[in-house]
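Working through the structure, step by step
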Amino acid sequence: MTQLTIDNKIYACAPEETVLDALLRAEVEMSYACKKGTCHSCMVRSIGDNPPEAAQKGLKDTQKKQNYFLACLCNPEQDMQIRLPEQSELYSQGKVVENSMLNRNTLLLKVRCQDIQEYFAGQFVNLQRADGLTRSYSIANTPQESGILEFHIRALVDGQFSSWLHNDIKIGDTIAISEPQGHCFYIPERADEDLVLIGTGTGLAPLVGILHDALENGHTGSISLFHGSSVLEDLYRVNEMREVAKKHANFSYFPCISGATVPDGFVAGRADAVALENRSEWKKIRLFLCGHPDMVNNMKMEGFLKGVAMDDIYTDAFEIATK
Ligand SMILES: Cc1cc2nc3c(=O)[nH]c(=O)nc-3n(C[C@H](O)[C@H](O)[C@H](O)COP(=O)(O)OP(=O)(O)OC[C@H]3O[C@@H](n4cnc5c(N)ncnc54)[C@H](O)[C@@H]3O)c2cc1C
């Protein structure tokens, strides 16, 4: 059993327990979302001793140097003194400027923010409600010129944060936004190599942002987008993607439906399976995988086995924390 000290209060952390689980068990108010080290919303700071290396996985070097670590990845090796960061250290305030529906269960949320020069389409941010509830959402546009971040948010039945965004948030409301996280974005280099984008559901959000970023940067290699859903009603931006394909000869769009009813103009099958069938050459491409974690993890392995270099596989798995 190790001891965690926060503001002179002491909490016990059982062997095998993470710092996050120990603090939640003690009903300490902690911000967290995925519990898997992806979203970084449970980032806290060790005072004095360095935190275990494994608990700093994926953090920026500047954060590591300041002894920030992820509470969900931290199994303490010794007693720790911890400081919970102030919201203003990690979040800035954005203002909602648009909320409209993209299909029957997907919200388009636009938020105006300051200082978003370093936010790239395809990365994600943590959005935080005033009571501390926090969730990650992917950036669906290239925000530098407009100063506005766009998100696509699927309503989950009984989902706390998505229901709040769908039902309660209004134009003019403020919402806290973290720094951008993740490495799933377009880098303007090797412009002649092909890009393969595969996404399920709101996995289209980062992909549509990456697509526009690549086109705006004059990408000349082919770009193929496979967007999948089980039924037609859950696809979205179909006409817009078809228009982009008409304007750009190097862009191909495959709206995929895995369910039984597949109208003309749509492709039958799961997005990853359709991509595997469609493409014979997988070497020297960049592969972007976003959305359901099972699809992302399976396709990452398939892509690697087909010859895509691990460094050229960019993923954004939408991990949903189980209650
Ligand atoms: C890096 C990252 C990027 C993300 N980007 C996006 C994005 O761009 N758009 C987006 O909509 N979401 C995205 N997510 C998911 C998002 O962060 C939330 O997890 C999601 O909105 C659910 O939160 P909630 O509070 O509404 O649901 P919660 O209150 O957290 O409840 C979720 C409940 O749904 C159950 N559940 C689990 N999986 C499913 C499923 N597939 N369908 C239905 N129910 C399920 C769980 O068991 C749980 O009980 C992303 C997640 C990560 C980690």
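Each remark here, short or long, concerns the structure printed above.
Keep in mind that this is a model prediction, so the values were computed, not measured.

On to the layout of surface pockets, then. Volume-wise, the second largest pocket comes out at about 1,100 Å³. In terms of lining residues, the second largest pocket is bounded by 42 residues, among which Thr38, His40, Gly58, Gly182 and His183 are the most central. Elements represented by at least two residues in the lining of the second largest pocket include exactly helix H2 (61–65), helix H3 (87–90), strand S8 (124–128), helix H8 (293–306) and strand S17 (313–317). For the lining of the second largest pocket, the element with the most residues is S17, which contributes five residues.

With that out of the way, let us pick up the sheet that holds strand S16 (residues 285–291). One open sheet accounts for six strands, arranged S15-S14-S13-S12-S16-S17; its pairing is parallel. Of all the strands in the sheet, just strand S15 (267–268) and S17 have a single pairing partner and so form its edges. As defined by bridge partners, strand S12 (residues 194–200) adjoins S16 across six bridges and the pair is classed as parallel. For aspartate 194, the partnering residue across the bridge sits in S16 and is isoleucine 285. Strands S12, strand S13 (223–229), strand S14 (251–257), S16 and S17 of the sheet are contacted by helix H5 (residues 204–216), whose axis makes an angle of about 160 degrees with S12. Packing of helix H7 (residues 271–278) onto the sheet brings it into contact with S12, S13, S14 and S15, and relative to S13 it is tilted by some 145 degrees.

Attention shifts here to the site of the ligand. Taken together, 22 residues form the shell around the ligand, and within it Arg135, Ser136, Tyr137, Phe161 and Ser162 come nearest. Contact between the ligand and arginine 135: an oxygen atom at 2.8 Å from a side-chain N or O atom of the residue. For the shell around the ligand, the elements supplying multiple residues, two or more each, are strand S9 (134–138), strand S10 (148–154), helix H4 (160–167) and S17. Ranked by the residues each element gives to the shell around the ligand, the list is headed by S9, at four residues. Of the residues belonging to the shell around the ligand, the class tally is nine nonpolar, eight polar and five charged. A domain split of the shell around the ligand shows at least three residues from each of domain 2 (88–178) and domain 3 (194–317).

Turning next to the packing of aromatic side chains. Taken as a whole and assessed by the stated rule, the structure comprises five aromatic pairs. Ring plane angle 15 degrees and centroid distance 5.1 Å describe the contact between phenylalanine 120 and phenylalanine 185, whose orientation is recorded as stacked. Taken together, the positions of phenylalanine 120 in the loop between strand S7 (106–112) and S8 and phenylalanine 185 in the loop between strand S11 (174–178) and S12 put the pair 65 residues apart, joining distant regions of the chain. Relative accessible area serves as the criterion here: at 27%, phenylalanine 120 is assigned to the partly exposed category. Classification of phenylalanine 185 as buried rests on a relative accessible area of 17%.

Moving on to H7. Within H7, burial applies to Ala271, Asp272, Val274 and Ala275. Projected down its long axis, H7 shows its buried positions confined to an angular sector of 160 degrees, all on one face. Tucked inside the fold, the buried residues of H7 contact S12, S13, S14, S15 and H8.

Turning next to the sheet that holds strand S6 (residues 91–103). Pairing is antiparallel in the open sheet, where six strands are placed in the order S9-S8-S11-S6-S7-S10. Sheet topology places S9 and S10 at the edges, where each strand pairs with a single neighbour. Neighbour-to-neighbour, the strand axes of this sheet turn through a mean angle of 40 degrees, independent of strand direction. Looking at chain direction, S6 and S11 are connected through five bridges and run antiparallel. Across the sheet, residue lysine 95 finds its bridge partner in S11, namely threonine 174. With respect to the sheet, H4 is in contact with S6, S7, S8, S9, S10 and S11, its orientation differing from that of S9 by roughly 70 degrees.

Conventions and cut-offs
- Residues numbered from 1 in each chain as written.
- Predicted model: local features only at pLDDT ≥ 70, side-chain atom pairs only at ≥ 80, totals over all residues.
- Heavy atoms only, no water.
- 1 Å grid on protein atoms, 1.4 Å probe; cavity = no way out; pocket = protein on both sides within 12 Å on 5 of 7 lines; lining within 4 Å.
- Points joined across faces, edges and corners; volume = space filled by probe spheres on them.
- Helix = DSSP H or I, 4+ residues; strand = E, 2+ residues; numbered from the N terminus.
- Pairing = 2+ DSSP bridges.
- Contact = heavy atoms within 4.5 Å.
- Axes fitted to C-alpha atoms, helices over the stretch in contact; angles between N-to-C directions.
- Near = heavy atom within 4 Å.
- Polar contact = N/O pair within 3.5 Å; in protein donor to acceptor, adjacent residues only side chain to side chain.
- Nonpolar A, V, L, I, M, F, W, Y, C, P; charged D, E, K, R; others polar.
- Domains from an automatic or database assignment.
- Phe/Tyr/Trp six-rings, centres within 6.5 Å; stacked < 30°, edge-to-face > 60°.
- Buried < 20%, exposed > 50% of the residue type's maximum accessible area, 1.4 Å probe, protein only.
- Arc of directions from axis to C-beta.

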